[in-house]
Structure formats: C-alpha cells, structure tokens
Amino acid sequence: MNPLQRYAPLVDDEEAFLEACERPLPSVVRVNTIKTTVERAREALDDEGVAYEQTDWHPGILKLEDSTAGTNWPYFHGWLHGQEEVSALPAIALDPQPGERVWDTCAAPGSKTTQIAAMMNDEGVLVGNDNNLGRLSALRHNAERLGVTNLVVTNQDARNFSMKPFGEQTPEKPGAFEQFDRVLVDAPCSCEGTCRKNPDVLDEWTMNHVQSVAGIQKGILRRAVQVTKPGGSVVYSTCTFAPEENEAVLDFVLEREDCELVEWDVPDAFETSPGVTEWEDDEYDPSVTKARRVYPHQNDTGGFFTAKLEVQS
Ligand SMILES: C[S@@+](CC[C@H](N)C(=O)[O-])C[C@H]1O[C@@H](n2cnc3c(N)ncnc32)[C@H](O)[C@@H]1O
C-alpha cells in the first residue's frame, strides 16, 4: 500500500494529492544575493539561453524549463543555487537579520544555511551544524561556492549541542554563544514529501522509522528552544506529512519548554493548510493550527511542514 494514502483524511482532494506526488519535480534555482542581484542573474540566464519563469511569490526563486541547474556558468560562479521551491519557506519564516546570531541545527548540505546567510547579508554569526561529517563537506563546498563568510561549521548531535570553547555553560548560565537570536530546526525526517524527487522514500517507508525519527526531532527542537534567547525565534520544518513528526513534535515541546507557536508571513501566492489538531487517537495543542502544511498539488512543489515558535524565557 502507498503510505501516502494514510493522509487522505487531511487533504482536500485525495486524487489530486496522490497524482501530484507521482509527477517529477520542477527544477528550481535561488539567486544568491551575496554574489549578485536578481536582475543580473536573470540577465545571465537570458544570455546563456536558459529558459525560466519567476515564481509568483519570490523574485529570486526561478523555475527552469528543463533541469539545467548546475550546468551553467552563473551556477559555477555561485550566482545561483539549486533549491527546491518549497524548501525556501523555513528561512522566510525564520526571518534572520544582518548582525544576528543564528544556529542552523541540521544544516547539511546547506541550502537553507546559505539562504539564511544571504538574508543576513553575510553579516553576524551563523552556526551551521550537522551530526553527519560526510554531509558537512557538501555544506562547506556550497558555502564556499556561494561566497558565505559569516559561517561557523560544527559537527555535533544537535540534541546535546554546546559551544563550550566560546564560554562555560550551565543551565543557569548559558555559554557566550548559547543565546541565539534565531534557530532553524530543519529536522531529519521520513522525507515523504520528497517522493517526487526520490520515489524510493515510499518503498523504504516504515512506521518504526517515523516513530524513531520523531524521538530525535523532539530532542533537537527542545535543545533549540533552550539555547534561544527570550523573545527569539525557532523555526521547525520537515519534508514529511506525518503528524507524528510534525504537530506531535510541536505538542511535545510546547508542554515541556517555555515557548509558544506564532503566525508567520506566508507569501500570499503560496497555498498552505493549517497544522492538524487531531490525528488517529491523538489530540494536539490547538495552537498547532499556526503551523503551515504544504501538499504537492497546492503549488506544484514537494511536501513540507513549517512552524514558528517564540521563546518566552
Ligand atoms: C533535512 S536534512 C537538512 C537539510 C538542510 N537543512 C538543507 O537545507 O540543505 C536533515 C539533516 O539532519 C542531520 N541530522 C540527523 N540527526 C541529527 C542530529 N541528531 N543532530 C544534528 N544533525 C542531525 C542529517 O545528517 C541531515 O543532514
């Protein structure tokens, strides 16, 4: 059985949802504003004869007519980065500002890290962490190509993250670098929403994996809230539809840490659905409706989940 059928009760149009999940994903690039402007990047693509269409919600996110991302000079020079359209949403929700301290808990291979760096105008301190050393090489390579210089790379399990070299840390006295303005948790997940790019995820899907990765997600999100300063923001995102990995994780952390879910500015032209408060035998905190779900048939993208939390104390 196709595991996606379990989400029929959540979607407005099951047939359109399942049909969209089988179509190949459009090829999309993000303009890297650390190295160029949207206008110059578009001119370069025109000169190269690469056909594209601007998405109707972001001037710097371009849909290519064929999958030439990665094969033209604007890409090699770091003017463009191949990034799935919907995966640009978490950084938009995070809204990082130049000069801030930002932690990207699960950063490799760095699409969102480099997008965050560009939104920070490459100013301030961005810590890009991942527990997988091999994937960190891809992060370093992307950061280098895209000209990111405000990045510190760390290789830790985000559930126990600490930056001891920068200051002694106790629960009462966080280390010097352990009061971030903003933190992104783009969590490891069962990746159901990437089925248009990688249909194998559905063959490999098991409920055991959903449950085990949900445990890791809860640990990472708790740590993210703990190291964010009062009034700071934490964004939680996954590329999966499973409520066990989305609303249930938020519900767990809302009960244990001093934080609350807040609305964020979803681009008007992007169709989303609210987080769900009930799933199978479970009920979640009513505020999880502030999270946004994205199904592939809504905007011809992959599937995604994004929520924004504000830390209270
Ligand atoms: C969805 S991917 C991140 C994609 C990345 N944010 C991007 O936009 O390119 C999740 C990442 O979490 C990492 N990861 C898994 N468990 C982790 C943990 N306990 N601590 C830190 N990173 C972890 C994986 O190695 C993987 O690179």
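As the structure is a prediction and not an experimental result, all values here were calculated from the model. (Residues numbered from 1 in each chain as written. Predicted model: local features only at pLDDT ≥ 70, side-chain atom pairs only at ≥ 80, totals over all residues. Heavy atoms only, no water.)

What follows covers the site of the ligand. Among the 21 residues in the neighbourhood of the ligand, the closest are listed as K112, D130, R135, A158 and D186. C106 places a polar main-chain atom, nitrogen or oxygen, 2.9 Å from a nitrogen atom of the ligand. Within the contact set of the ligand, an oxygen atom lies 3.0 Å away from a backbone nitrogen or oxygen of G110. In isolation the ligand has 600 Å² of accessible area, and contact with the protein removes 88% of it. (Near = heavy atom within 4 Å. Polar contact = N/O pair within 3.5 Å; in protein donor to acceptor, adjacent residues only side chain to side chain. Areas by Shrake-Rupley, 256 points an atom, 1.4 Å probe, with all protein chains shown as cover.)

With that settled, the discussion passes to the packing of aromatic side chains. Tallying each qualifying case throughout the model produces 12 aromatic pairs. Ring geometry for W57 versus F270: centroids 5.1 Å apart, planes at 65 degrees, classification edge-to-face. With W57 in the loop between β2 (52–54) and β3 (61–64) and F270 in the loop between β10 (259–262) and β11 (273–274), this residue pair connects regions lying 213 residues apart in the sequence. Given a relative accessible area of 12%, W57 falls into the buried group. Considering the side-chain rings of F241 and Y295, the 5.8 Å spacing of their centres and the 20 degrees angle between planes classify their relative orientation as stacked. (Phe/Tyr/Trp six-rings, centres within 6.5 Å; stacked < 30°, edge-to-face > 60°. Helix = DSSP H or I, 4+ residues; strand = E, 2+ residues; numbered from the N terminus. Buried < 20%, exposed > 50% of the residue type's maximum accessible area, 1.4 Å probe, protein only.)

Moving on to the UniProt feature "active site" (unreviewed entry) in the chain. Mapped onto the present numbering, the UniProt feature "active site" (unreviewed entry) falls at C239. Along the chain, C239 falls in the loop between β9 (228–238) and α9 (247–256). Once residues within four sequence positions are removed from consideration, C239 is found in contact with C189, C191, E192, G193, T194, G303 and F304. (UniProt positions renumbered as here; feature names shortened; annotations may be inferred. Contact = heavy atoms within 4.5 Å.)

Residue A108 is joined to P109 through a cis peptide bond whose omega torsion reads 5 degrees. Structurally, the position occupied by P109 is in the loop between β5 (101–104) and α5 (111–119). A positive phi angle, near 60 degrees, is found at D122, a position not held by glycine. With respect to the secondary-structure elements, D122 resides in the loop between α5 and β6 (125–129).

The next point concerns α5. The buried fraction of α5 amounts to eight of the nine residues, a majority that puts the element mostly inside the structure. Those residues of α5 not exposed but buried are S111, K112, T113, T114, Q115, I116, A117 and A118. Backbone geometry just downstream of α5 places N121 in the positive-phi region, at approximately 60 degrees.

Glancing now at the side chain of E244. Within the element layout of this structure, E244 appears in the loop between β9 and α9. Among the polar contacts listed, one links the side chain of E244 to the side chain of R6, at a separation of 2.7 Å. Contacts of E244, omitting those with residues within four sequence positions, involve R6, M207, V210, A214, V249, W279, E280 and Y284.

Turning to the domain arrangement of the chain, a few remarks are in order. Taken domain by domain, the chain comprises domain 1 (3–20 + 92–311) and domain 2 (26–83). For domain 1 and domain 2, the distance between their C-alpha centres works out to 25 Å. On the side of domain 2, 18 residues touch domain 1, which itself brings 19 residues to the contact. Both sides of the domain 1 and domain 2 interface together cover about 1400 Å² of buried area, and 57% of this is carbon and sulfur. For the pair domain 1 and domain 2, the interface holds zero salt bridges. Taken together, the connections running from domain 1 to domain 2 amount to nine residue pairs in polar contact (both at pLDDT 80 or more). Considering every element that reaches the side of domain 1 that touches domain 2, the biggest residue donor is α5, with six residues. (Domains from an automatic or database assignment. Buried area = accessible area lost by both parts, 1.4 Å probe. Salt bridge = Lys/Arg side-chain N within 4 Å of Asp/Glu carboxyl O.)

On to the sheet that holds β2. Strand order in the open sheet formed by four strands is β2-β3-β1-β4, with antiparallel pairing between adjacent strands. In this open sheet, the two edge strands, each paired with only one partner strand, are β2 and β4 (80–82). In this sheet, adjacent strand axes meet at a mean angle of 35 degrees when their direction is disregarded. Where β2 lies against β3, three bridges are found, and the strand directions are antiparallel. Its bridge partner lying in β3, Q54 is registered against L62. Contacts between helix α2 (residues 38–48) and the sheet are confined to β1 (27–31), β2, β3 and β4, with β2 contributing the most and set at about 160 degrees to the helix. (Pairing = 2+ DSSP bridges. Axes fitted to C-alpha atoms, helices over the stretch in contact; angles between N-to-C directions.)

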